[in-house]
Amino acid sequence: MGRDLAERGVSAGEALGELRSTTRRVAQREPTFEECEALVDAWADATLGYLNRLSCADPLTGLDSQAHLLALLGAPSDADLVLVVLEVSPTDDFFQLARRLSLLGELSRSVFPRSRTVARVGVRRLVALVPAQPDLGRRVGLLVRGAEGADRVWVEPVPPRPGARVGLVDRLARGCG
């Protein structure tokens, strides 16, 4: 219900109000905390997915936007592509996080000069969209050795279906996977 309401443009407050009135009418009680939490989680996921599709370039890091990455994933390609993902640990210092991502973005561009994009995905991840070349393993190893400040580095194959590509980027942005 939360996802449907968010997609229709209903605010979180209005969605909670509808949950309350429906629960009172149908079950003759107030909604439980768990019901409210589930509604708000679904609403937030749908809203975040929408915002991720709209966002512009990241001015703090110089990294391409998630929207740009999605546009490139939707374009036809003559090469097999993979996503090289770098994740940094959470920090309370927003500017320190942006600087770390920016430096890792520069490193990614130098290790993968033929990358289609190096984009910020979510809060703590960046993704390089690169051709699956025979030297991919060697380049990823080089990236890992130089990726000071990255907690994890891994490779995700680009799914063949456009919907699956969008789903993969969305999961990466939310910190899943």
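Here goes a summary of the coordinates provided. (Residues numbered from 1 in each chain as written. Predicted model: local features only at pLDDT ≥ 70, side-chain atom pairs only at ≥ 80, totals over all residues. Heavy atoms only, no water.)

### So, the pairing of strand β2 (residues 117-121)
Along a regular strand, successive side chains alternate from one face of the sheet to the other.
Part 1: Taken across its 5 residues, β2 has 5 buried, putting it largely inside the fold.
Part 2: Burial along β2 is two-sided: Thr 117, Ala 119 and Val 121 facing one way and Val 118 and Arg 120 facing the other are all buried.
Part 3: Both β2 and strand β3 (residues 125-131) contribute to a ladder of 5 bridges, which runs antiparallel. Bridging from a neighbouring strand, Arg 120 pairs with Leu 126 of β3.
Part 4: As consecutive antiparallel partners, β2 and β3 are separated by 3 residues, and within that stretch Gly 122 has a phi angle of approximately 75 degrees, a positive value. (Buried < 20%, exposed > 50% of the residue type's maximum accessible area, 1.4 Å probe, protein only. Helix = DSSP H or I, 4+ residues; strand = E, 2+ residues; numbered from the N terminus. Pairing = 2+ DSSP bridges.)

### Description of helix α4 (residues 66-74)
Part 1: The complete set of buried residues in α4 reads Gln 66, Ala 67, Leu 69, Leu 70 and Leu 73. Buried residues in α4, looked at end-on, bunch into an arc of 160 degrees, giving them a common side. (Arc of directions from axis to C-beta.)

### Side note on the side chain of Ser 115
Part 1: Tracing the backbone through its elements, the reader meets Ser 115 in the loop between α5 (94-111) and β2.
Part 2: Accessibility expressed as a relative area gives 18% for Ser 115, which makes it buried.

### A word on the nonpolar core
Part 1: With 20 residues, the main nonpolar core has Val 84 and Phe 112 as its most contacted residues.
Part 2: Breaking this core down by element, the ones donating at least two residues are β1 (81-87), α5, β3 and α6 (136-146).
Part 3: For this core, the leading source of residues is α5, giving 5 residues.
Part 4: If you look at the next biggest cluster of nonpolar residues, it comprises 16 residues, including Leu 69, Leu 73, Leu 83 and Ala 173. (Core = buried A, V, L, I, M, F, W, Y, C linked by side-chain atoms within 4.5 Å.)

### Focus on the pattern of salt bridges
Part 1: Summed over the entire model, instances satisfying the criterion amount to 10 salt bridges.
Part 2: Salt-bridge contacts for Glu 30 lead to Arg 24; the nearest nitrogen and oxygen are separated by 2.7 Å.
Part 3: Take Arg 24: its relative accessible area is 41%, and that puts it in the partly exposed class.
Part 4: Of the charged contacts in the structure, one is a salt bridge between Arg 116 and Asp 78, with a shortest N-O distance of 3.8 Å. Placement of the pair is Arg 116 in the loop between α5 and β2 and Asp 78 in the loop between α4 and β1, with a sequence separation of 38 residues.
Part 5: Assessed through its relative accessible area of 33%, Arg 116 is described here as partly exposed. (Salt bridge = Lys/Arg side-chain N within 4 Å of Asp/Glu carboxyl O.)

### Some remarks on a nonpolar patch on the surface
Part 1: There is a patch of nonpolar side chains on the surface, built from Leu 60, Phe 94 and Phe 95 and spanning about 330 Å² of accessible area.
Part 2: With respect to the helices, strands and loops of the structure, Leu 60 is situated in the loop between α3 (33-54) and α4. (Patch = residues over 30% accessible without salt bridge, like charges linked within 9 Å, V, L, I, M, F, W, Y side chains within 5 Å. Areas by Shrake-Rupley, 256 points an atom, 1.4 Å probe, with all protein chains shown as cover.)

### Looking at α6
Part 1: Every buried residue belonging to α6 is among Leu 136, Val 140 and Leu 143, and all of these are buried. The arc that holds every buried residue of α6, seen down its axis, measures 55 degrees, which confines them to one face. Facing away from the buried side of α6 by more than 90 degrees, the exposed set consists of Gly 137, Arg 138 and Arg 145.
Part 2: Each element contacted by the buried residues of α6 is listed here: β1, α5, β3 and β4 (152-157). (Contact = heavy atoms within 4.5 Å.)

Any link to function would need more than the numbers given here.
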